[in-house]
Amino acid sequence: MQLRGHWYRGGTSKCWLFDSQDVSRHARSPEEILRLLADAFGAGDARQLDGVGGGTSTTSKAAIITATPGGPSDLDYLFAQVGIGEPTVELGSNCGNCATAIALYALQAGIIAAQEGTTRVRMRNLNTGAVLTGTIATPGRRVPASGRATVPGSSALGVPVSLSFHAPWGQTTGSVLPTGRAADELAVGRATLTATMVDAGAPAALLLADELGIDLASMDAGLAAHLPQLLAARAAAGLAMGLRKPEDPPQNAIPKIGVVAPAADYTAADGTLVPAGSHDLRVRMLSMLAPHPAIGLTSAVAVSLAAAVPGSVVADALAARHGSQQTRLLRLGTPAGVITADVVTDAGGTVTEVALHRAARQLAVADIDVARTVAQTA
């Protein structure tokens, strides 16, 4: 069977985007859709050799898009994190980098018309209920095909997109702080770890790097040895946040799991020295089962929300170097360099919006020949 796909780079991810009408020609039930995506990506193979997947967590992503003219958003999208080495697809999360690509796709595909000056694309993520807005410059109502914007983690040029995540938060678990506390103690094996569990952008569990013995002075090594403990912490956090029941297997996509540390000089993954004065906080996240080469935008939102919660591990890490003063611009030191989040609060100090500046580009439009799995054809 053939499935029409639109291949985009959004930020530091690559995403296959599918029109829901094209998908419905081949799959209608949720189970059929998941099987279709797994087959199209070649998910059962760790190399994804017989499919369009990229073989890494940041390049094995998809979204199914439905235009919603006249609705509260311009479009709805279902985000899919496709498995690598296992024929699975997880639908429990969101991806800001893919949303960046979707905003550009909506313009280029004519889902919404370009406006004079700038065009805002309002998107609803069906996985979490989150609402995002992508803002793209469209002078003279011209739809951009290319641009000169870059993001940390990639030197490739793309169309600049300002991506905003809007309150309300807590769409997956029902609360910004699913446990009701700014920090909790997680029992992980024989260790007890301090964690802040937050549901904003995506459900995330954030730990103190020092408690795990993780040195963030260098971002190009040192995390692999701690993967078993981090994955165990994610499993424990999933239970504490109500994302799964004890009898359910742990998920690989959520909660996002990462470690934070106060700002300090560190070496980025490419060997560049990042001085302490350039950022407010050091962060390193996992993506599925491997260290993230930068930081996912949903994780950046979660960190931003946690930074505004007194007593969280993030707020404490910020205070260790900067005192208790909060700033609208939160600078996150990541393996790819410094990511800046624009954190907007209301008069009461509640975070109402987090905006990040990204870049996107269309890579290809393709009719994908989807091969059925051996089990289906036997």
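Below: a short report on this structure. (Residues numbered from 1 in each chain as written. Predicted model: local features only at pLDDT ≥ 70, side-chain atom pairs only at ≥ 80, totals over all residues. Heavy atoms only, no water.)

Glancing now at a negative patch on the surface. The grouping of Glu 185, Asp 210, Glu 211 and Asp 215 at the surface amounts to a negative patch. Checked against the element boundaries, Asp 210 lands in helix H4 (residues 209-212). (Patch = residues over 30% accessible without salt bridge, like charges linked within 9 Å, V, L, I, M, F, W, Y side chains within 5 Å. Areas by Shrake-Rupley, 256 points an atom, 1.4 Å probe, with all protein chains shown as cover. Salt bridge = Lys/Arg side-chain N within 4 Å of Asp/Glu carboxyl O. Lys, Arg positive; Asp, Glu negative; His and termini not counted. Charge placed at Lys NZ, Arg CZ, Asp CG, Glu CD. Helix = DSSP H or I, 4+ residues; strand = E, 2+ residues; numbered from the N terminus.)

Here helix H3 (residues 96-108) contains 13 residues, and its C-alpha end-to-end distance of 19 Å stays within 8% of the 18 Å for a straight helix at 1.5 Å per residue. Of all 13 residues that make up H3, 12 are buried, and the element is covered over most of its length. Taken together, the buried positions of H3 are occupied by Gly 96, Asn 97, Cys 98, Ala 99, Thr 100, Ala 101, Ile 102, Ala 103, Leu 104, Tyr 105, Ala 106 and Leu 107. Gly 110 lies just past H3 and shows a positive phi near 80°. (Expected span 1.5 Å × (residues − 1). Buried < 20%, exposed > 50% of the residue type's maximum accessible area, 1.4 Å probe, protein only.)

This next bit is on the pattern of salt bridges. If you walk through the whole model with that rule in mind, you get 7 salt bridges. Asp 367 serves as the salt-bridge partner of Arg 4, at 2.6 Å between the closest nitrogen and oxygen. Within this pair, whereas Arg 4 is found in strand S1 (residues 2-10), its partner Asp 367 is found in strand S20 (residues 351-369), the two being separated by 363 residues in sequence. By relative accessible area, which is 34% here, Arg 4 ends up partly exposed.

With that settled, consider the environment of Val 314. Looking at where Val 314 falls in the secondary structure, it is placed in helix H7 (residues 313-322). The residues touching Val 314, leaving out its near neighbours within four places in the chain, are Leu 206, Val 260, Leu 281, Val 303, Ala 306 and Ala 307. (Contact = heavy atoms within 4.5 Å.)

Applying the stated criterion across every chain yields a total of 1 disulfide. Looking at the unpaired Cys 95, the closest cysteine sulfur is the one in Cys 98, lying at 3.7 Å. On the accessibility criterion, Cys 95 (6% relative accessible area) is buried. (Disulfide = S-S within 2.5 Å.)

Below, the discussion takes up the packing of aromatic side chains. Counted by the stated rule, this structure contains 3 aromatic pairs. Considering the side-chain rings of Trp 7 and Trp 16, the 5.2 Å spacing of their centres and the 5° angle between planes classify their relative orientation as stacked. Classification of Trp 16 by relative accessible area gives buried; the value is 5%. Geometrically, the ring pair formed by Tyr 8 and Tyr 105 is edge-to-face, given 6.0 Å between the ring centres and 90° between the ring planes. Within this pair, whereas Tyr 8 is found in strand S1, its partner Tyr 105 is found in helix H3, the two being separated by 97 residues in sequence. Of the residues examined, Tyr 105 reaches a relative accessible area of 4% and is grouped as buried. A connected cluster of aromatic rings, assembled from ring pairs, spans Trp 7, Trp 16 and Phe 18. (Phe/Tyr/Trp six-rings, centres within 6.5 Å; stacked < 30°, edge-to-face > 60°.)

This paragraph deals with empty space enclosed by the protein. In this approach, a probe sized like a water molecule rolls over the atoms, and the result shows the empty space that is left. Evaluation of the coordinates by the stated rule reveals 3 cavities of 30 Å³ or more. Its boundaries defined by the atoms lining it, the largest cavity holds a volume of some 160 Å³. Surrounding the largest cavity, 18 residues form its lining, Lys 61, Lys 256, Ser 287, His 292 and Gly 296 being those nearest its centre. Those elements that place two or more of their residues in the lining of the largest cavity are strand S4 (75-82), H3, strand S16 (281-287) and helix H6 (297-307). Split by residue class, the lining of the largest cavity holds 7 nonpolar, 9 polar and 2 charged. Space inside the second largest cavity adds up to approximately 80 Å³. If you go around the second largest cavity, you meet 14 residues; those closest to its centre are Thr 128, Ala 130, Gln 171, Ala 200 and Gly 201. Breaking the lining of the second largest cavity down by element, the ones donating at least two residues are strand S9 (154-166) and strand S11 (191-200). Its residues assigned to classes, the lining of the second largest cavity comprises 7 nonpolar, 6 polar and 1 charged. (1 Å grid on protein atoms, 1.4 Å probe; cavity = no way out; pocket = protein on both sides within 12 Å on 5 of 7 lines; lining within 4 Å. Points joined across faces, edges and corners; volume = space filled by probe spheres on them. Nonpolar A, V, L, I, M, F, W, Y, C, P; charged D, E, K, R; others polar.)

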